[in-house]
Amino acid sequence: MEQIAYVALAEIGNPQPPIDLTPLARIFNCRIQFTYLKGPEGYTVRTGTGYHIYIATDLRGDAETVRRRQRWTLAHELSHVLAHWDLPWNTTDELDRISPELRGVLEVEANWCASRLLIPDYCFNGLEDLIPAVLSNKCDVNFTPAEKRINHLSRAIRNRLFLEALEWIEADLWFNGGGFVSS
Ligand SMILES: [Zn+2]
């Protein structure tokens, strides 16, 4: 799943956050439509040559929270397209072709992939990115997904961030603590 997200981001040139996923939607022939869905936050059906992604406009909350939820929903629906293209899909004629059990697994996978699309490993550049509010603004996602991403961040990346910060502090101490000082 992680691989799928990274290959997809490479397709659009590994953009820096906040990542716009509409170029990816175009590559996979997804038509995006914002509309009232009366319940679900998003929905995707297979069409003849691609996909039709519906994103709910009838969401509660302030404008920024809603916009960020819609960004997330697009990432989530695109993740279904990227990761589940080989499974039976709902079509406009047949809306419930997937069992509730399988649906549960697919939803977890899609959220996992969405998280890597909007907050890829390569966007972690400093210790401040381990603060949910900072990461949330940087990647233009809501606080909760930013916090979850940080909580599940690999130990390797976490260690790299700490080591780089330590090296920076050491270099700074050396530089300002006598290294080049002459009287
Ligand atoms: Zn889903």
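Being a predicted model, the structure only gives us computed values, none of them experimental.

Re the domain arrangement of the chain
Okay, step 1: Domains assigned within the chain are domain 1 (1-118) and domain 2 (120-183).
Okay, step 2: When each unit is reduced to the centre of its C-alpha atoms, the spacing between domain 1 and domain 2 is 30 Å.
Okay, step 3: On the domain 2 side, the residues contacting the 14 residues of domain 1 number 10 residues.
Okay, step 4: At the level of elements, helix H1 (2-11), helix H3 (63-83) and helix H4 (100-118) are the ones that each hand at least two residues to the side of domain 1 that touches domain 2.
Okay, step 5: Broken down by element, the residue count for the side of domain 1 that touches domain 2 peaks at five residues, all from H3.
Okay, step 6: Of the residues assigned to the side of domain 1 that touches domain 2, the class counts are seven nonpolar, three polar and four charged.

Brief notes about the environment of Tyr51
Okay, step 1: By the secondary structure assignment, Tyr51 is in strand E3 (residues 51-56).
Okay, step 2: Residue Tyr51 is classed as buried on the basis of its 20 C-beta neighbours within 10 Å.
Okay, step 3: Between the alpha carbons of Tyr51 and Arg158 there is a distance of 37 Å; along the sequence they are 107 residues apart.
Okay, step 4: Non-local contacts of Tyr51, meaning those with residues more than four positions away in its chain, are made with Phe28, Asn29, Cys30, Thr44, Arg46 and Val81.

Some details on the environment of Gln33
Okay, step 1: Secondary-structure assignment places Gln33 in strand E1 (residues 30-35).
Okay, step 2: Residue class for Gln33 comes out exposed when judged on the 10 C-beta atoms lying within 10 Å of it.
Okay, step 3: For the pair Gln33 and Asp58, spaced 25 residues apart in the sequence, the C-alpha separation amounts to 13 Å.
Okay, step 4: Each residue touching Gln33, except ones within four places of it in the same chain, is listed here: His52 and Tyr54.

What counts, and at which threshold
Positions within a chain are numbered from 1, following the residues in the order the chain's sequence is written. Totals for whole chains, interfaces and linings use every residue, but because this is a predicted model, local features are given only for residues with pLDDT of at least 70 and side-chain atom pairs only at 80 or more, for both listing and counting. A domain assignment, automatic or from a database, supplies the domain bounds used here. We call two residues in contact when their backbone-placed C-beta atoms lie within 7 Å. Only runs of H or I of at least four residues qualify as helices and only runs of E of at least two qualify as strands under DSSP, and these elements are numbered from the N terminus. By the convention adopted, Pro, Cys, Tyr, Trp, Phe, Met, Ile, Leu, Val and Ala count as nonpolar, Lys, Arg, Asp and Glu as charged, and the other residues, Gly among them, as polar. Partly exposed residues are those whose C-beta has more than 12 but fewer than 20 other C-beta atoms within 10 Å; with 20 or more the residue is buried, with 12 or fewer it is exposed, and the C-beta atoms are placed from the backbone.

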